[in-house]
Amino acid sequence: MSGQQPGPGSFGAAGFGPAPHPMGNTMARRPPSVVVAGGGTAGHIEPAMALADAVRRIRPDARVVALGTERGLETEIVPARGYPLELVPPVPMPRKASAELLRMPSKVRESVRRTREVLERAQADVVVGFGGYVSLSAYLAARGRVPIVVHEANASAGLANKVGARLAERVLSAVPDSGLSGAQAIGIPLRESITSLDRAALRVRARAHFGLHPQAPAILVFGGSQGAQTLNTAFSGAAQALGRAGIGVLHAHGPKNTVAVQEVPGAPRYVAVPYLERMDLAYAAADLVVCRSGAMTVAEVSAVGLPAVFVPLPHGNGEQALNAQPVVTAGGARLVPDAELTPQRVVDEVLPLARDPHRLWEMSRATLGTGHREADRVLAQIALEVAAQ
């Protein structure tokens, strides 16, 4: 693993393809060793952990090591899930894949060198990357030494995975047309607690867990781990109207935010919490969800068959709206632009939807039709097959 750094010709049109794996077939000599690279945000980390769990279910003797950086959420999530975490310096993300990568700045070289050391210590048989800073480092370090599998969760691929796809043995994506040529669409690997969720069976327990009315319609509202001010303002402003209509609300407003609502006496509760530790119970308690449309959120909502109103984050390259589109097109969700979600829009559109059980049932069926509950197992099998080559 101590070979030379890639030279200037390594990233040319002819040099981007995968190189042979010099380690040969090591599976017969020892259990497989899988390195997952998906640090930074939960959208990168959670699929990596779902894959790790699936690998362990298929091959309990497998070794799984996660790559990350000290500034990402992986420093909390990965150890809590019981996997070793190796920290490496993050690779700065250039705007273009050619000229800036050719220059290979010194901090990129250092990150690649450190990552190669991790791959060597782990005796890696395959690197599975999910995008972001640490994935680019992993792809460059593994090139020509360890086979690469790339998974793209978003509807529009990021730079790291565009580079990794040119070096990879296999390229997978959550949806078709992600921008990665030849990618096989398999969905997003999800936690088993989500993919095996029976919402109807858990409904009574879930309602009791959050203190929601056992029979009244209930809306789940959340804007990601940090909350979303637009959702907070719109729903707190509509709280009394929702209460008078007999609708309960479970609202995760974010740990740095607060939501003040005046509840209607005798009405179903409006339960405001900073964060939801048990998303499985939150999904089971709800009849309808109003949320952002990050790739992981859309995948989870689809997998459990929960009707949705998606309010895409109005930043970046519009990927959240793209993430939501397949479910919206199938009839399982509605899309409301961030600027248009007001208390009045909640009263006019979300409230009547929450009180229409037939429409919610139709949306649930449509949503389930877009989900991929087996993505973790499919990706794990592919990773292990590549490792065994």
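Model, not experiment: these values are computed from the prediction.

Parameters at a glance
Residues numbered from 1 in each chain as written. Predicted model: local features only at pLDDT ≥ 70, side-chain atom pairs only at ≥ 80, totals over all residues. Heavy atoms only, no water. Helix = DSSP H or I, 4+ residues; strand = E, 2+ residues; numbered from the N terminus. Buried < 20%, exposed > 50% of the residue type's maximum accessible area, 1.4 Å probe, protein only. Contact = heavy atoms within 4.5 Å. Areas by Shrake-Rupley, 256 points an atom, 1.4 Å probe, with all protein chains shown as cover. Axes fitted to C-alpha atoms, helices over the stretch in contact; angles between N-to-C directions. Parallel < 35°, antiparallel > 145°, perpendicular 65-115°, else oblique. Left-handed = near helix turned anticlockwise from the far one by under 90°. Nonpolar A, V, L, I, M, F, W, Y, C, P; charged D, E, K, R; others polar. Pairing = 2+ DSSP bridges. Core = buried A, V, L, I, M, F, W, Y, C linked by side-chain atoms within 4.5 Å. Domains from an automatic or database assignment. UniProt positions renumbered as here; feature names shortened; annotations may be inferred. Salt bridge = Lys/Arg side-chain N within 4 Å of Asp/Glu carboxyl O.

## Focus: the overall build of the protein chain
When helices and strands are counted, the protein chain shows 16 helices and 13 strands. Here the protein chain holds 389 residues, and 54% of them are scored as buried. Put simply, of all contacts in the protein chain between residues at least 6 apart along the chain, 66% involve residues at least 24 apart. Carbon together with sulfur atoms contributes 52% to the accessible area of the protein chain, which is approximately 16300 Å² in total.

## Some remarks on the packing of helix α9 (residues 229-237) against helix α14 (residues 343-354)
Running from N to C, α9 and α14 cross one another at 70 degrees; their axes reach a closest spacing of 7 Å. Classed by the angle they form, the pair α9 and α14 counts as roughly perpendicular. Between α9 and α14 lies a crossing of right-handed hand. On α14, the residues that touch Thr 233, Ala 234, Phe 235 and Gly 237 of α9 are Pro 343, Val 346 and Val 350. The residue makeup of the contact of α9 with α14, split by class, is five nonpolar, two polar and no charged.

## Considerations on the side chain of Ser 178
Along the polypeptide, Ser 178 turns up in the loop between β6 (170-173) and β7 (184-185). Ser 178 has contacts with Glu 152, Asn 154, Ala 155, Ser 156, Ala 157 and Ser 173, leaving out every residue within four places of it along the chain.

## Quick look at the sheet that holds strand β3 (residues 85-87)
Strands sit in the order β3-β2-β1-β4-β5-β6-β7 across an open sheet of seven strands; the sheet is parallel. One side of each edge strand has no neighbouring strand; the edge strands of this open sheet are β3 and β7. Looking at chain direction, β6 and β7 are connected through two bridges and run parallel. The residue of β7 that forms the bridge with Leu 172 is Gln 184.

## Observations concerning the nonpolar core
Nonpolar side chains in soluble globular proteins generally cluster together in the buried interior. Membership of the largest hydrophobic core comes to 40 residues, with the highest contact counts inside it found for Leu 220, Leu 250, Leu 276, Tyr 283 and Phe 310. Here this core gets seven residues from one element, more than from any other, and that element is helix α12 (residues 295-304). Both domains that furnish three or more residues to this core are identified here as domain 1 (33-94 + 103-190 + 374-387) and domain 2 (193-370). The residues contacting Leu 276, other than those within four sequence positions of it, are Phe 210, Leu 220, Leu 250, Ala 252 and Ala 282. Val 65, Val 146, Ile 148 and Ala 157 belong to the second largest nonpolar core, which has 30 residues in total.

## Some words on the UniProt feature "binding site: UDP-N-acetyl-alpha-D-glucosamine" (unreviewed entry) in the protein chain
Listed under "binding site: UDP-N-acetyl-alpha-D-glucosamine" (unreviewed entry) in the UniProt record, and renumbered for this structure, are Thr 41, Ala 42, Gly 43, Asn 154, Arg 191, Ser 225 and Gln 320. When you line up the elements, Ala 42 lands in helix α1 (residues 42-58). Among the residues examined, Ala 42 registers a relative accessible area of 30% and is labelled partly exposed. For Ala 42, the residues in contact, after removing those within four places along its chain, are Pro 47, Leu 73 and Met 296. Position of Gln 320 relative to the elements: it lies in helix α13 (residues 319-330). Gln 320 gets classed as buried once you look at its relative accessible area, which sits at 15%. Once you skip the residues sitting within four places of it in the chain, Gln 320 turns out to touch Arg 292, Ser 293, Gly 294, Val 311, Pro 312 and Leu 313.

## Observations concerning the pattern of salt bridges
Scanning the model with the defined rule gives 20 salt bridges in all. Of the charged contacts in the structure, one is a salt bridge between Arg 30 and Asp 125, with a shortest N-O distance of 2.9 Å. One end of the pair, Arg 30, is in the segment before β1 (33-37); the other, Asp 125, is in the loop between α4 (106-122) and β4 (126-129), with 95 residues separating them in the sequence. The partner of Glu 46 in a salt bridge is Arg 81, with the nearest N and O atoms 3.0 Å apart. Of this pair, Glu 46 sits in helix α1 while Arg 81 sits in the loop between α2 (74-80) and β3; the two residues are 35 residues apart in sequence, bridging distant segments of the chain. On the accessibility criterion, Glu 46 (14% relative accessible area) is buried.

## Some remarks on the sheet that holds strand β10 (residues 270-273)
Pairing within the open sheet is parallel, and its six strands lie in the order β10-β9-β8-β11-β12-β13. In this open sheet, the two strands that pair with only one neighbour each are β10 and β13 (333-335). On average, each strand axis in the sheet is inclined to that of its neighbour by 15 degrees, with strand direction left out of account. Bridge analysis of strand β11 (residues 288-291) against strand β12 (residues 308-310) gives three bridges, and the strand direction is parallel. Bridging across to β12, Val 289 finds its partner in Ala 308. Contacting β8 (218-222), β11 and β12, α12 crosses the sheet at an angle of about 165 degrees to β12.

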